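Now for the letters of each chain:
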Amino acid sequence: MNLATRISYLGGSALEFLAKAKKLEASGVDVVHFEIGEPDFDTPRNIKEAAKRALDEGYTHYTPSQGIPELREAIAEHERDYKGIPVDPSRVVVSPGAKVMIMFALQVLVNEGDEVIYPDPGYTAYRGLIMLAGGKPVPLELRAEEGFEVNAERLESLVTSNTKLIILNSPGNPTGNISRKHELDEIARIALERNLYVISDEVYSRIIYDGEHLTIASILGMMERTVIVDGFSKTYAMTGWRLGYGIMPEEMVRPLVRLQSNSVSCATAFVQKAGVEALRGDQGPVEEMVAEFRRRRDRIFELLGKIPHVKARKSEGAFYVFLDIRELGMSSREFASYLLEKHGVCLLPGDLFGERGEGYVRISYATSMENIEKGIERIARAVREIAG
Ligand SMILES: Cc1ncc(COP(=O)(O)O)c(C=O)c1O
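Residues numbered from 1 in each chain as written. Predicted model: local features only at pLDDT ≥ 70, side-chain atom pairs only at ≥ 80, totals over all residues. Heavy atoms only, no water.

### A short note on the overall build of the chain
Basically, it comes down to this: Counting from the N terminus, the helices are DSSP H or I runs at least four residues long and the strands are E runs at least two residues long. Remark: exposure states derive from per-residue accessible area (1.4 Å probe, protein chains only) relative to the maximum for the residue type, with buried under 20%, exposed over 50%, and partly exposed in between. Here the open area of atoms and residues is found with the Shrake-Rupley method and a 1.4 Å probe, where only the protein chains shown may cover a residue.
Summing up its helical and strand segments, the chain has 12 helices and 13 strands in all. Principal-axis analysis of the C-alpha atoms gives the chain an extent of 60 × 55 × 50 Å. Here the chain, with 388 residues, has 57% of them falling under the buried criterion. Surface exposure of the chain reaches about 16800 Å², of which carbon and sulfur atoms provide 49%.

See below:
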């Protein structure tokens, strides 16, 4: 078939590794899964109950495209209480997941040929979505030696008269780092001086172990040029429910809602009601989940610290380790394939997250402590074989 070129811009190669892992498992091999980027916990019961009640109450039809007012209000309250920013519910747009909100925000902001700066290594979807919107993706290198912080000088050197916006992601996937105040101040200064917009992907904002979550929108003047993207997938273990949101400058709201109403219509009605319960109900399950992630993080770093030739920077948020394997003299794909085929460990090669991810692999610790111990033991064995 004569397919549209733009569809080839979208990546999807993580699936390759999953398919291989599934094939091995089908042939009886025991595989430890470190590739999955979603909480292994069930959605808290109160949220499921709220969805069931909403179904019985008739939340089975279209809702306003922007989202039900009750949920937009709950989101505005949450952003105020948790991130310390004043949000009017009229600036909140509810969407079926955070990812589609990133796509919509890019569609609304980016003109053909506009340059969009995005983190490299960074979340796999950014590059393709920028190109799909007609933009030119400009990778901003994040270096392990700099704690994967945004280097203001390097950022500034990438800004041209065509730069339209910057995508930020903190806590970061795949690096697990969180943005510091001084870092955000510098990015804000550049955005204000050079008239740039920001999409701030904050889907891991509640999964924090050290320090606190800061949003660039809290810096004077930035609320008017930032789209905050957040969601329910990670915080409330609701990946399959598809619920996210964006908070954006007033002028963006109508066009973005129009795009939403012409495509996905709205987020699922009863899921929106469950979202209200997630935000306003008991937060105990979130705290327990994050406490468990923290225990796993501490254990995984303790174990990885004993393996020579590989290095890991302790993650401060999200649930990933971006492991530096450069000393092993293997590409990240070779290492990932070796681990899967010879040792039954599935993880993701760093180059999936951008060119600068080469030399690294991503380990997700959204899996049981038992799997973590088994998987890291296997990685240790593989490294011994490779390094001799
Ligand atoms: C950085 C980042 N942004 C967005 C998403 C997508 O979130 P959602 O499930 O709300 O679409 C993910 C999911 O892996 C992610 O890691």
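From this point on, the discussion continues.
### Notes on the environment of valine 271
Note on placement: valine 271 falls in helix H9 (residues 269-280). The exposure class of valine 271 is buried, given its relative accessible area of 4%. For the pair valine 271 and aspartate 282, spaced 11 residues apart in the sequence, the C-alpha separation amounts to 17 Å.

### Some remarks on the site of the ligand
Rules: Proximity is defined per residue: if any heavy atom of the residue lies within 4 Å of a molecule or strand, that residue is considered near it. Nitrogen and oxygen atoms within 3.5 Å of one another constitute a polar contact, given that in protein one can donate a hydrogen and the other can accept it, and given that sequence-neighbouring residues count only through two side-chain atoms. Gly is put with the polar residues, along with every residue not named as nonpolar or charged; the nonpolar set is Ala, Val, Leu, Ile, Met, Phe, Trp, Tyr, Cys and Pro, and the charged set is Asp, Glu, Lys and Arg.
Taken together, 13 residues sit near the ligand, with Ala98, Asp201, Ser233, Lys234 and Arg242 positioned nearest. Within the backbone of alanine 98, a nitrogen or oxygen atom sits 2.7 Å from an oxygen atom of the ligand. One of the side-chain nitrogen or oxygen atoms of aspartate 201 is found 2.6 Å away from a nitrogen atom of the ligand. Computed on the free molecule, the ligand has an accessible area of 400 Å², of which 93% lies beneath the protein chains in the complex. Classifying every residue of the shell around the ligand by side-chain character gives 5 nonpolar, 4 polar and 4 charged.

### Topic: the pairing of strand E5 (residues 163-169)
We apply this condition: Strands are labelled as partners when DSSP assigns at least two bridges between them. Note on handedness: a crossover is taken as right-handed if, strands pointing away from the viewer, the path from the first strand over the helix to the second is clockwise.
Most of E5 is tucked away, with 7 of its 7 residues classed as buried. In this sheet, strand E6 (residues 197-201) lies alongside E5 in parallel orientation, the contact comprising 5 bridges. The residue bridging asparagine 169 from the neighbouring strand is aspartate 201, located in E6. A crossover links E5 with its parallel partner E6, the connecting element being helix H7 (residues 181-194), and its sense is right-handed.

### Structural notes on the packing of aromatic side chains
Applicable threshold: Two rings from Phe, Tyr or Trp (for Trp, the six-membered ring) form a pair when their centres sit within 6.5 Å of each other. Planes less than 30 degrees apart are called stacked, planes more than 60 degrees apart edge-to-face, and all others tilted. Here, a charge over a ring is recorded when the distance from Lys NZ or Arg CZ to the ring centre is within 6 Å and its angle to the ring normal is within 35 degrees.
Under the definition given, this model contains 12 aromatic pairs. Of note, arginine 206 hangs over the ring of tyrosine 82, and the distance from its end group to the ring centre comes to 5.2 Å.

### So, the domain arrangement of the chain
Applied cut-off: In this entry, domain limits derive from an automatic or database-based domain assignment. Contact between two residues is taken to exist if any of their heavy atoms lie within 4.5 Å; hydrogens are not considered. When two parts are put together, the accessible area they lose, computed with a 1.4 Å probe and summed over both, is reported as buried area. In the sections that follow, a salt bridge refers to a side-chain nitrogen of Lys or Arg positioned within 4 Å of a carboxyl oxygen of Asp or Glu.
Entries for the chain in the domain assignment read domain 1 (5-42 + 284-387) and domain 2 (59-280). One C-alpha centre belongs to domain 1, the other to domain 2; they are set 26 Å apart. Taken together, the contact between domain 1 and domain 2 spans 33 residues of the former and 34 residues of the latter. Taken over both partners, the interface formed by domain 1 and domain 2 buries close to 2900 Å², and the fraction arising from carbon and sulfur atoms is 59%. Seen at the junction of domain 1 and domain 2, the total is 4 salt bridges. The salt bridge partner of aspartate 210 is arginine 297, with a shortest N-O separation of 2.7 Å. Inspection of the region where domain 1 meets domain 2 yields 18 residue pairs in polar contact (both at pLDDT 80 or more). Elements with a minimum of two residues in the side of domain 1 that touches domain 2: helix H10 (284-304), strand E10 (320-324) and strand E13 (360-364). Per element, the largest residue contribution to the side of domain 1 that touches domain 2 is 6 residues, and it comes from H10. Across the side of domain 1 that touches domain 2, the residue classes tally to 17 nonpolar, 5 polar and 11 charged.

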